[in-house]
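Chain by chain, the residues:
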Amino acid sequence: MILVGVMAATLWGIGALTGAPRQARLYMIGLLMTGVIAGHLLLPDGHPLRMATGGEAALWLLILAGGALVWGYGRGLRRLKARAAPADAPAPRKGFSETELTRYARHITLREIGGPGQGALRRARVLVVGAGGLGCPALTYLAASGVGTIGVIDDDTVDLSNLGRQVLFDEDQIDMPKVHAAAQKLRAQNPHVEIRPYARRLTREIAEELFSDYDLILDGTDNFDTREIVNAAAVATAKPLVGAALTQWEGQVSLYEPARGTPCWACVFPERPDAALIPSCAEAGVLSPLPGIIGAIMAAEAVKRLTGAGETLAGRLMIHDTLYAETRTIGIRPREGCAVCGGRGLEAAGTAP
């Protein structure tokens, strides 16, 4: 019994440290309990594994039943308390404090944003995938803009080689998980926003569940594996996706939202280019200010999409070349038969064959 308890506590602790959702941690413990009970039912009497885990399946079934009873009782109690709450209970604060009004004054003055737009930003939940060169400036301006809830997922730690372009970090944070280093700086920058760090790698198994908690996704990753996962989960959960990439002197960014008639990322990039044509930043180098330029544009696209201001890059791919000081925008459209979205954007745009 002690062995199973230690294993369950270890799973829960590892999940908490890596930022796994509570539901995922409970799922892993449920799998552990299912395995233990299956062992008792399938293995012969006296088997060492059965003896090490209590000897009888009835004990674990009783524990599961007790846990279910406690969970059901707690859930029912919370519902009763909610119903019994006094009618004159204070409503959640809707207006901005004087400090917030001063902080966001330049936004509120903008005709295209104003008070309603700033309120939309405060209610918004944005997830940034990747806390590197693109993620750092995007996170900085999302927090400065007053986005109410900002999630950031990354499994990397701060390295000295990052500091030339990832300006959210400093030398005191070297070897710290990037998401926690970012959260530390962003909370100091704007205590009015909630920062949710997830110190783990984004995988297909968790992507859709994680994305469902957010209104908009920003992809600041630097590899095709993760970009494909991000795009597939954004399509599956119908979340708008601001995706960007950069190399050496050039960066690109767009807003992908098939539900509103745009292509998904895979419509535009259906096949991976040859690896020799897309060297990493470590191999090919990257201009220090370039991630700041493109990351700031990502944040601007997020603000426009959340507030309804202006015209976004939906249906357009913006390419910025810092070496020759040129910016060009090309039109992009949904692709019929896309392996990820199936050309969903064609239907939304009313151009399906």
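Just so it is clear, the model here is predicted, and its values are computed rather than measured.

Colleague: Before we move on, can you summarise a nonpolar patch on the surface with the specific residues and values?
Modeller: The grouping of Trp249, Leu323 and Tyr324 at the surface amounts to a nonpolar patch, some 340 Å² of accessible area in total. Along the chain, tryptophan 249 turns up in the loop between strand 5 (241-247) and strand 6 (250-256).

Colleague: Outline the side chain of asparagine 190, supporting the account with residue identities and numerical values.
Modeller: Note that asparagine 190 resides in the loop between helix 9 (178-189) and strand 3 (194-198). On the basis of relative accessible area, asparagine 190 is assigned to the buried category, the value being 0%. Within the structure, asparagine 190 has its side chain in polar contact with the side chain of tyrosine 104 (distance 3.0 Å). In this structure the side chain of asparagine 190 is engaged in a polar contact, spanning 2.8 Å, whose partner is the backbone oxygen of alanine 143.

Colleague: Tell me about the state of the cysteines, and name the residues and values.
Modeller: As used in these notes, a disulfide is a covalent bond between sulfur atoms, one from each of two cysteines. A complete count under the given rule lists zero disulfides for this structure. Cysteine 267 takes part in no disulfide bond, and the closest cysteine sulfur to it belongs to cysteine 341, at a distance of 3.4 Å. You can call cysteine 267 buried: its relative accessible area is 7%.

Colleague: I'd like a rundown of the environment of lysine 185, residues and numbers included.
Modeller: Residue placement: lysine 185 occurs in helix 9. Between the alpha carbons of lysine 185 and phenylalanine 169 there is a distance of 7.8 Å; along the sequence they are 16 residues apart. Among residues more than four places away in sequence, those in contact with lysine 185 are Leu168, Phe169, Asp170 and Gln173.

Colleague: So, the sheet that holds strand 5: which residues are in play, and what are the values?
Modeller: As summarised here, the arrangement of the eight strands in space is 3-2-1-4-5-6-7-8, forming an open sheet in which the pairing is mixed. Looking along the sheet, the strands with just one partner apiece sit at the ends: strand 3 and strand 8 (326-331). The sheet shows a mean angle of 15 degrees between the axes of neighbouring strands, taken without regard to direction. In this structure, strand 1 (residues 125-129) lies alongside strand 4 (residues 216-219), joined through four bridges in parallel fashion. Paired with valine 128 across the strands is leucine 218, a residue of strand 4.

Calculation criteria
- Residues numbered from 1 in each chain as written.
- Predicted model: local features only at pLDDT ≥ 70, side-chain atom pairs only at ≥ 80, totals over all residues.
- Heavy atoms only, no water.
- Patch = residues over 30% accessible without salt bridge, like charges linked within 9 Å, V, L, I, M, F, W, Y side chains within 5 Å.
- Areas by Shrake-Rupley, 256 points an atom, 1.4 Å probe, with all protein chains shown as cover.
- Salt bridge = Lys/Arg side-chain N within 4 Å of Asp/Glu carboxyl O.
- Helix = DSSP H or I, 4+ residues; strand = E, 2+ residues; numbered from the N terminus.
- Buried < 20%, exposed > 50% of the residue type's maximum accessible area, 1.4 Å probe, protein only.
- Polar contact = N/O pair within 3.5 Å; in protein donor to acceptor, adjacent residues only side chain to side chain.
- Disulfide = S-S within 2.5 Å.
- Contact = heavy atoms within 4.5 Å.
- Pairing = 2+ DSSP bridges.
- Axes fitted to C-alpha atoms, helices over the stretch in contact; angles between N-to-C directions.

Such coordinate-based values are descriptive only and should not be taken to indicate function.
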